[in-house]
Amino acid sequence: MNGSSTLATDTEEKRVPRSPYAVCNKSLKTPGVGSAWLPSRFDMRFLALEKARDDVALELGQRWYQYSGAAQKKDVARHTYEEYSSFSVAKKEANQIEKDVLRLGLVSYGKTPKGLYEFFERAVIYSPDGKSKASSPSGKEDRLAFDVHTELRRVLRAFVARNPSLGYTQGMNYVVCMLLGLMNEEDAFWTFCCLVEELRPKNYYDHSLSGFLCDRSLIRDVVLDVFETVPKKLLLELERLYASLLLPMFYPKLTLKSLLVLWDAYFAVAGHPKSKPHALRKGAGEAALFAILLYIVEKGLDAVNATYETEEEMDACRIASPTNKGEHQFEGEVLMAIVQELTPEEALV
């Protein structure tokens, strides 16, 4: 199936949009907002980024910090980050944050994709105050070492203090963790505030998850519109995956470089300084996430159809599988294998 940047009309052959930039470029063209700014000034596929907060990581982080509008939000805020981080939060919120801080899996390879584990390898150093520099085995101060768990805890608590009516939702921990790998603690806080308060659809992370549920319904309709036939069980399993993919913006499911490509597309479209602050930004970056989901569905259909001609054959394979743990285990394994193996080129081209 050939890639295309638009959804087909009734008279055209339906094609899957493969590029987040192409999808967003088509959907966001308006007078006064050109498309020249969409391509990254980094070649994201060959980004020489190795460790959290190395020089390249910080440069990319500053790009997202500026695109998100975090600097402007910081300037007009009623309180500083230091003040927000000193405020108390409800015990229930604090307990859930604590549980999720410890669920990152960064200290054990096997729970986190290899690229992400290596990226944060020097960022899981615990320090008594969460601020002191850690030392390398040679005894020299390691400028790249920081206590990611302590910083994550502070950022999440500060965010809840700033948004008590919104509170904390699972998935926020992964997003903030990735931001902390690319910028300092305070910049990560303001970037995350912009992401939740300005860029993602309204009520995406509130306790009702109404924004997420709207996205889930929308992507289901798009999938059914783009693809003529989707096996029911594959569609059901895809819907089971939406929360683990969309709420944390695909972290930690993608490899590191594929994740950076996707997030760069998101920030470039949703929050670029040349975009109109309120007319285009909120929800615009979802097109990048939708494009990846459509590509995953396309590859999932190709993988299933290449192996099994009918749903009856798939059912027989599922029943016979020694790893079968549920009705949709087979489809879930197919989809997750595709997600975890997506290359930067597939995420961008």
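Residues numbered from 1 in each chain as written. Predicted model: local features only at pLDDT ≥ 70, side-chain atom pairs only at ≥ 80, totals over all residues. Heavy atoms only, no water.

Things to note about the environment of Leu 294
Phase 1: Tracing the backbone through its elements, the reader meets Leu 294 in helix α13 (residues 286-307).
Phase 2: For the pair Leu 294 and Arg 220, spaced 74 residues apart in the sequence, the C-alpha separation amounts to 9.9 Å. (Helix = DSSP H or I, 4+ residues; strand = E, 2+ residues; numbered from the N terminus.)

Topic: the nonpolar core
Phase 1: The biggest cluster of nonpolar side chains holds 100 residues, and the ones touching the most others in it are Phe 120, Met 178, Val 223, Phe 250 and Trp 263.
Phase 2: Considering each element in turn, this core owes the most residues, 11 residues, to α13.
Phase 3: Ignoring sequence-local partners within four residues, the contact set of Met 178 consists of Leu 116, Phe 119, Phe 120, Tyr 251, Leu 256, Leu 259, Leu 260 and Trp 263. (Core = buried A, V, L, I, M, F, W, Y, C linked by side-chain atoms within 4.5 Å. Buried < 20%, exposed > 50% of the residue type's maximum accessible area, 1.4 Å probe, protein only. Contact = heavy atoms within 4.5 Å.)

Here's the deal with the packing of aromatic side chains
Phase 1: Across all of its chains, the model carries 13 aromatic pairs by this definition.
Phase 2: Here the aromatic rings of Trp 64 and Trp 263 are separated by 5.9 Å at their centres, their planes lie at 45 degrees, and the arrangement is tilted. Of this pair, Trp 64 sits in helix α2 (residues 55-68) while Trp 263 sits in helix α12 (residues 256-270), and the two are 199 residues apart along the sequence.
Phase 3: Judged by centre distance (5.1 Å) and plane angle (20 degrees), the rings of Trp 64 and Phe 267 are stacked. Residue Trp 64 is located in helix α2, and its partner Phe 267 is located in helix α12; the two are separated by 203 residues in the primary sequence.
Phase 4: The class of Trp 64 is buried, set by a relative accessible area of 0%.
Phase 5: Look at Phe 267 and you get buried, because its relative accessible area is 0%.
Phase 6: Cluster of aromatic residues (ring-pair linked, three or more members): Tyr 81, Tyr 84, Phe 87, Phe 189 and Trp 190.
Phase 7: We note Arg 200 situated over the ring of Tyr 204; from NZ or CZ to the ring centre the distance is 3.9 Å. (Phe/Tyr/Trp six-rings, centres within 6.5 Å; stacked < 30°, edge-to-face > 60°. Lys NZ or Arg CZ within 6 Å of the ring centre and 35° of its normal.)

With respect to the packing of helix α7 (residues 148-162) against helix α9 (residues 185-199)
Phase 1: Where α7 contacts α9, the two axes come as close as 10 Å, and the packing angle between them is 45 degrees. Accordingly, the angle class assigned to the pair α7 and α9 is oblique. Remark: the crossing between α7 and α9 carries right-handed chirality. In this structure, α7 uses Glu 151, Arg 154, Val 155, Ala 158, Phe 159 and Arg 162 to contact α9, whose residues at the interface are Glu 185, Phe 189, Trp 190, Phe 192, Cys 193, Val 196 and Glu 197. (Axes fitted to C-alpha atoms, helices over the stretch in contact; angles between N-to-C directions. Parallel < 35°, antiparallel > 145°, perpendicular 65-115°, else oblique. Left-handed = near helix turned anticlockwise from the far one by under 90°.)

Observations regarding the pattern of salt bridges
Oppositely charged side chains can pair when the atoms bearing their charge come close.
Phase 1: Taken as a whole and assessed by the stated rule, the structure comprises 13 salt bridges.
Phase 2: For Lys 73, the salt bridge is made with Glu 197, and the minimal N-O distance between the two is 2.9 Å. Here Lys 73, found in helix α3 (residues 70-76), pairs with Glu 197, found in helix α9; they are 124 residues apart in sequence, far enough to count as distant. Like Lys 73, the residue Glu 197 is buried in the burial classification.
Phase 3: Where salt bridges share partners, they join Lys 73, Arg 162, Glu 197 and Glu 198 into one cluster. (Salt bridge = Lys/Arg side-chain N within 4 Å of Asp/Glu carboxyl O.)

Description of unusual backbone geometry
Phase 1: For the bond from Tyr 251 to Pro 252, the omega torsion is 0 degrees, close enough to zero to count as cis.
Phase 2: Locating Pro 252 in the fold gives a position in the loop between α11 (232-246) and α12.
Phase 3: You will see that Leu 209, though not glycine, has its phi angle at about 55 degrees, which is positive.
Phase 4: Mapped onto the fold, Leu 209 is located in the loop between α9 and α10 (210-226).
Phase 5: The phi torsion at Phe 250 lies on the positive side, around 75 degrees, for a residue other than glycine.
Phase 6: On the secondary structure map, Phe 250 appears in the loop between α11 and α12.
Phase 7: Relative accessible area serves as the criterion here: at 0%, Phe 250 is assigned to the buried category.

Here's the deal with α12
Phase 1: The end-to-end C-alpha distance of α12, which contains 15 residues, comes to 21 Å, matching closely the 21 Å that a straight helix rising 1.5 Å per residue would cover.
Phase 2: Burial of α12 is extensive: 14 of the 15 residues sit out of reach of the surface. (Expected span 1.5 Å × (residues − 1).)

Digging into the packing of α9 against α12
Phase 1: At a minimum axis separation of 12 Å, α9 and α12 run at an interaxial angle of 60 degrees. With respect to α12, the axis of α9 lies oblique. Pair α9 / α12 crosses with left-handed handedness. Mapping the contact onto sequence places Thr 191, Leu 195 and Leu 199 in α9 and Tyr 266, Phe 267 and Ala 270 in α12.
Phase 2: Grouping the amino acids of the contact of α9 with α12 by side-chain chemistry returns five nonpolar, one polar and no charged. (Nonpolar A, V, L, I, M, F, W, Y, C, P; charged D, E, K, R; others polar.)

Any link to function would need more than the numbers given here.
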